[in-house]
Amino acid sequence: MAVTEVAQSRRVVTEIPGPRSRELQERRAAAVARGVGSVLPVYVARAGGGIVEDVDGNALIDFGSGIAVTNVGNADPRVVERAAEQLGRFTHTCFMVNPYEAYVEVCEALNRVTPGDHEKRSILLNSGAEAVENAVKIARSATGRQAVVVFDHAYHGRTNLTLGLTAKNMPYKQGFGPFAGEIHRMPMAYAYRWPTGPENCGPEAAALVVDQISKQVGAENVAAVVIEPIQGEGGFIEPAPGFLPAVAEFCRANGIVFVADEVQTGFARTGDMFACEHEGIVPDLIATAKGIAGGLPLAAVTGRADLMDAVHAGGLGGTYGGNPAACAAALASLEAIESDGLVGRAREIGDLMLGRLRGLAEKHAVIGDVRGRGAMIAIELVKDDRSPDPETLARVLSYCHSQGLVLLSAGTYGNVVRMLPPLVIGDDLLHEGLDILAEAFARL
Ligand SMILES: *Cc1c(COP(=O)(O)O)cnc(C)c1O
């Protein structure tokens, strides 16, 4: 399978978006539902490493990875080759009709690489939302309880149940209710905005959560606590130290299933294979998707065998879940993560980015906070009184886009610049991307 190498350098030869992209954008407006947005409407011709090439011949630096998906790089040749080989043999049988080895192999691999050495089982699905939703089904079935606890700033997907779990109204939830019941939202240990200061945040937030669950819900009614070990769409909020271990311990003591939503943080992204490892958390169930299969749609729930196997036969599944090509891609992607040492590479990326961004924050008061781990790094933009500054964010993003840097925003208040480069990006492109970002602040 011949894969043409994508040259690893930025090239801006037209306005961005260029004429061909603008043409496609017009066609799109007449054909595609308006509800689907695009951060940067340059239409893609091909992509690889840290570069996205568009239909006008521009080569953009990729600080998005298709939202933390192409951790091993876009169209990694090993992923492409293995998926193509599978496609040539069979495209689909439905695992619930005629099973195949690749599905089993992916589950074995997930059971091996996820935190904890206890006996595990996995199920494969199509999207992050579907994974989170199935984790809740499994937790409810295994515990016989109904309540689900989630957090401020959480994002868990766009299906009805996961919208209920998601915190932010606009644009995700607006007009789409009613949402499922028995969902209880708790405070998040958001160090930068904790009223009594970041050093008190972890223990105080944990105490508040324990108190609210006990008094408002009743621990004995809670099936699951669902939490992102670093919040993604919410603004890369890293729970203050001690918060996750305290919540996990409370769950353990009360028979509550601790569900880690590692859809965005998973697969080497944060400088650990999974973000839970940072504080030694072993989740009962873990939901994964995004970075799992090098860009092919796949998701999973992995967890304690006793919980996973509590569900009656036929209770879980789906037509496409664990599609054979996606499974082949996942196996190749996992091998690439391990053989290329991408966990270590994510840490290097984090060190490089955090160093430069902290320097930038010293020069520009609008950067209130620099945070994140590995290749999941964000800056929060604020006004003099620390209130969110989404207007400046829009200007920064717009300049970066015009210079050929794919950059995303995040945050409940839309004031966070988030950076999610592929883990195979070179240091030169990282520096160049950060130079563009620095120039954006210099021009404000
Ligand atoms: C993206 C995301 C989801 C939803 O995944 P989809 O594949 O878009 O359904 C769920 N949880 C987190 C933390 C995510 O980042």
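Residues numbered from 1 in each chain as written. Predicted model: local features only at pLDDT ≥ 70, side-chain atom pairs only at ≥ 80, totals over all residues. Heavy atoms only, no water.

Here we look at the environment of Asp384
What counts, and what does not: Working definition: helices are DSSP H or I runs of at least four residues, strands are E runs of at least two. Numbering for both runs from the N terminus. For every residue, the accessible area obtained with a 1.4 Å probe (protein chains only) is divided by the maximum for its type, and the residue is called buried under 20%, exposed over 50%, and partly exposed between those limits.
Within the secondary structure, Asp384 sits in the loop between strand S12 (376-381) and helix H13 (390-402). By relative accessible area, which is 83% here, Asp384 ends up exposed. A C-alpha to C-alpha distance of 7.6 Å links Asp384 and Ala365, two positions 19 residues apart in sequence.

Structural notes on the site of the ligand
For the record, the criterion: Nearness here has a simple test: a residue counts as near a molecule or strand if at least one of its heavy atoms is within 4 Å of that partner. By the criterion applied in these results, polar contacts are pairs of N or O atoms within 3.5 Å in which, for protein atoms, one can donate a hydrogen and the other can accept it, and in which residues neighboring in sequence qualify only through two side-chain atoms. The protein chains shown are the only cover counted for residues, whose accessible areas, like all others here, come from Shrake-Rupley with a 1.4 Å probe. Three classes are used, and their members are as follows: Ala, Val, Leu, Ile, Met, Phe, Trp, Tyr, Cys and Pro are nonpolar, Asp, Glu, Lys and Arg are charged, and the others, Gly among them, are polar.
Every residue lining the ligand is accounted for by Ser127, Gly128, Ala129, Tyr155, His156, Gly157, Glu228, Asp261, Val263, Gln264 and Lys290. Here Tyr155 contributes a backbone N or O atom positioned 3.4 Å from a nitrogen atom of the ligand. Contact between the ligand and Gln264: an oxygen atom at 2.8 Å from a side-chain N or O atom of the residue. Considered on its own, the ligand offers 380 Å² of accessible surface; in the complex 83% of this is hidden by protein. Looking at the shell around the ligand residue by residue, the classes come out as three nonpolar, five polar and three charged.

Some thoughts on the sheet that holds strand S7 (residues 222-227)
The cut-off we apply is this: Strands were regarded as paired on the criterion that DSSP finds at least two bridges between them. Between N-to-C directions, angles span 0 to 180 degrees; the directions come from axes that are lines fitted to C-alpha atoms, helices contributing only their stretch in contact. Residues are treated as being in contact if the distance between any of their heavy atoms lies within 4.5 Å.
Taken together, seven strands build an open sheet; the order of strands is S4-S10-S9-S8-S7-S5-S6 and the sheet is mixed. Unpaired on one side and paired on the other, strand S4 (120-125) and strand S6 (183-186) mark the two borders of the sheet. Neighbouring strand axes in the sheet, compared pairwise and without regard to direction, differ in orientation by 20° on average. Bridge analysis of strand S9 (residues 285-288) against strand S10 (residues 299-304) gives four bridges, and the strand direction is antiparallel. Looking at S10, one finds that Thr288 is bridged to Ala300. Sheet contacts for helix H8 (residues 198-217): strand S5 (147-151), S6 and S7; angle to S6, the most-contacted strand, approximately 150°.

Considering the pattern of salt bridges
Note the following rule: One side-chain nitrogen of Lys or Arg within 4 Å of one carboxyl oxygen of Asp or Glu is enough to make a salt bridge.
Enumeration over the complete set of coordinates arrives at 25 salt bridges. Notably, a salt bridge pairs Glu233 with Arg418, separated by 2.8 Å at the nearest N-O pair. Residue Glu233 is found in the loop between S7 and helix H9 (243-254), and its partner Arg418 is found in strand S15 (residues 416-419); the two are separated by 185 residues along the sequence. The residues Glu233 and Arg418 share a single accessibility class, namely buried. For the salt bridge of Arg371 with Glu380, the shortest nitrogen-to-oxygen distance reads 2.8 Å. For Arg371, a relative accessible area of 8% puts it in the buried group. Several salt bridges share partner residues, and in doing so they unite Arg193, Asp369, Arg371 and Glu380 into one network.

Notes on the sheet that holds strand S1 (residues 44-48)
Ordered in space as S1-S2-S3-S13, the four strands form an open sheet in which the pairing is mixed. Taken across any chain shown, the strands that pair with only one partner, and hence form the sheet edges, are S1 and strand S13 (405-406). Here helix H14 (residues 427-442) sits on the sheet and contacts strand S2 (51-54), strand S3 (59-62) and S13; the angle it forms with S3, its principal contact strand, is near 95°.

Some points on the domain arrangement of the protein
Interfaces are often sized by the amount of accessible area the parts lose when they come together. Short version of the rule: In this document the domain limits rely on a domain assignment from an automatic tool or a database. By definition, the buried area sums, over both parts, the 1.4 Å-probe accessible area that each loses when the two are put together.
On domain assignment, one finds that the protein holds domain 1 (19-62 + 341-442) and domain 2 (78-339). One C-alpha centre belongs to domain 1, the other to domain 2; they are set 25 Å apart. Contacts between the two partners involve 33 residues from domain 1 and, on the opposite side, 29 residues from domain 2. Between domain 1 and domain 2, the buried area comes to about 2,500 Å², and carbon and sulfur atoms account for 51% of it. The largest per-residue losses of area from domain 1 upon contact with domain 2 belong to Arg373, Met376 and Thr412, which jointly make up 32% of the total buried on that side. A salt bridge links Asp272 to Arg347; its shortest N-O distance comes to 2.8 Å. Counting across the interface, domain 1 meets domain 2 through 21 residue pairs in polar contact (both at pLDDT 80 or more).

What to know about the pairing of strand S11 (residues 367-373)
Of all the seven residues making up S11, six are buried; the element is thus mostly covered by neighbouring parts of the structure. Note that S11 and S12 share six bridges and pair antiparallel. When the bridges of S12 are listed, Asp369 appears paired with Glu380.

Considering the packing of aromatic side chains
Our working definition: Between the rings of Phe, Tyr and Trp (Trp by its six-membered ring), a pair exists once the centres lie within 6.5 Å; its type follows the angle of the planes, with under 30 degrees stacked, over 60 edge-to-face, and the other angles tilted. Charge-over-ring placement is defined geometrically: NZ (Lys) or CZ (Arg) within 6 Å of the ring centre, and within 35 degrees of the ring normal.
Taken as a whole and judged by the stated rule, the model has seven aromatic pairs. Summarising the aromatic geometry, the rings of Phe95 and Tyr100 are spaced 5.6 Å apart at their centres and angled 80° between planes, so their arrangement reads as edge-to-face. Using a relative accessible area of 9% as the deciding quantity, one classes Tyr100 as buried. Here a set of aromatic residues connected by ring pairs shows up, and it is made of Phe90, Phe95, Tyr100 and Tyr103. The ring of Phe179 is capped by Lys173, whose NZ or CZ atom sits 5.3 Å from the centre of that ring.

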